[in-house]
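Chains, contacts and geometry: an overview
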Amino acid sequence: MEKVDAIIIGSGQGGVPLAIDLAGEGRSVVLFEKAALGGSCVNYGCRPSKAFLASARIAAGDPGNDEMGVRVKAEVDFAQVMARTRSIISGSSAGTAARLASAGVRVVNEEASFTGERIVSGGDLALEAGVVVINTGSAPFVPPVKGLEGTPYMTYIDFWRMRELPPRMLIVGGGYVGVELGQGMARLGSETHIVERHDRIIAHEEPDVSEVIREALAEDGVIFHLGDETREVDYQNGVFTLTLDNGGQLRGEALLMAVGQQPGTGSLNAAAGGIELSQRGYIKVDERFQTTCPGVYAIGDVTGQPAFTHVAWEDYRRLKSILGGGDRRQGDRVLGYAFFSEPQVGRVGLTLEQAEKQGYNARAATIPLEWVALAYLSGRTRGFFRMVIDRDTDRILGATLVGPAAGELIHVFLAHMEAGSTWQLLEQSVHVHPTLAEGLPTLARTLMS
């Protein structure tokens, strides 16, 4: 059996830089990847979706353009939209391959599984290493709906293969994926329906966040079927028919299943490697990313963490420090995220409800975007800014931003929270006028009363 210094399983945004860094230290590193290099972000997540949404945003024009005296009619070339998206995917994946090759990382394009403690096999190859890192992420969960199997439904993985705009698009699931892609398809000209079993979309967010996004998508033409589930799927002559629990039926030429995630552990044979899984199938790790097998680590959403690229990348930085003798921990960070509907949503830390459940003497402040000069002047006032603070220490506990550029603005709060600063410091800050960020000290100022 061949022995190497390190084995990385999965080429996502945590595994690739770690493999490159370890190889740069002179270690022999083997990376297993069963699919395209680059993981979900490169191949079917962040990059293709944001490229796709950029085209959809142009097609929609700018919100408020009627009121502002400008009317734009877009001509959509859907085939070109998707061709551009696929070219970004292939270019990004090729770039990952080039980086790994240049660093001297040995790439094995096989599905990896454990055959013993720190022993990994793939294809005809069996390797043993002192350090093994699992970065296999998560995959779309497809529920066992009657009639679905065997039909040409899509998940976010193969959505990007479409070449023709379907007249009608059916989406099962109103989470981040369903919302982003649903708004994009509606803006590009497809009659889009979203079926969501909860009584609101993006149900893990605060109710008023859900309502603002629902209103925005409805204006774009998205039709919602809330508090309902898909009971049965039929596919005949190029048309899907969904039968819902309420007895209603929906028909469309394309079907996207976007109901959630499942851990990428199904083929790992984790038990053979001495690696315990949670009840839901995620890899159990301690605060230093080590699994129940010494020398085997896991990073990113395969451990049950939120499925965001920046989470996996930060895990890489922490694990690299740990492997070098540093004293980093999985939780030694402030976690922020965003999703890229229009308006965008940016989130960091705790909501008021979460803070109160954790025992904080918390208070929230909220302002509408009408209070922010640039939002008003540009006609983009759908949304709000919210901040949660600890009354006892004045520290900022969290923020929710809904509006244009919320994914950028949330970093102001993330930096303040990392620094442990208070809402008074934000209130005292001088932000440039007129900008959207100018509204953040205004938000803090409401806490003075």
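Please refer to the structure placed before this passage.
Residues numbered from 1 in each chain as written. Predicted model: local features only at pLDDT ≥ 70, side-chain atom pairs only at ≥ 80, totals over all residues. Heavy atoms only, no water.

Attention shifts here to helix α1 (residues 15–24). Summarising burial for α1: nine of the 10 residues are buried, a large majority. For α1, the complete set of buried residues consists of G15, V16, P17, L18, A19, I20, D21, L22 and A23. Its buried side turned inward, α1 meets β1 (2–9), β2 (29–32), α4 (78–103), β6 (125–134) and α7 (309–323). (Buried < 20%, exposed > 50% of the residue type's maximum accessible area, 1.4 Å probe, protein only. Helix = DSSP H or I, 4+ residues; strand = E, 2+ residues; numbered from the N terminus. Contact = heavy atoms within 4.5 Å.)

Attention now goes to the nonpolar core. Of all hydrophobic cores here, the largest spans 35 residues; its most connected members are F52, M82, F159, M169, I213 and L256. Secondary structure elements with two or more residues in this core: α3 (46–60), α4, β8 (168–172), α5 (176–188), α6 (207–219) and β14 (254–257). If you tally residues by element for this core, the top one is α5, at five residues. Grouped together as the second largest cluster of nonpolar side chains are 26 residues, V334, V348, L401 and A437 included. (Core = buried A, V, L, I, M, F, W, Y, C linked by side-chain atoms within 4.5 Å.)

A cis amide bond, omega 5°, links E342 with the succeeding residue P343. Inspection of the secondary structure assignment puts P343 in the loop between β17 (336–339) and β18 (344–349). Of note in the backbone geometry, N237 takes a positive phi value of approximately 55° without being a glycine. By the element assignment, N237 lies in the loop between β11 (230–236) and β12 (239–244). Residue N237 is classed as exposed on the basis of its relative accessible area of 80%. The backbone of N269 sits at a positive phi, close to 55°, despite the residue not being glycine.

A separate point is the sheet that holds β12. Overall, antiparallel pairing links the three strands, which are arranged β11-β12-β13 in an open sheet. The outermost strands of the open sheet, each flanked by one partner alone, are β11 and β13 (249–252). Between one strand axis and the next, the sheet turns through 20° on average, direction left out of account. Where β11 and β12 come together, six bridges link them in antiparallel fashion. Paired with Y235 across the two strands is F240, which belongs to β12. (Pairing = 2+ DSSP bridges. Axes fitted to C-alpha atoms, helices over the stretch in contact; angles between N-to-C directions.)

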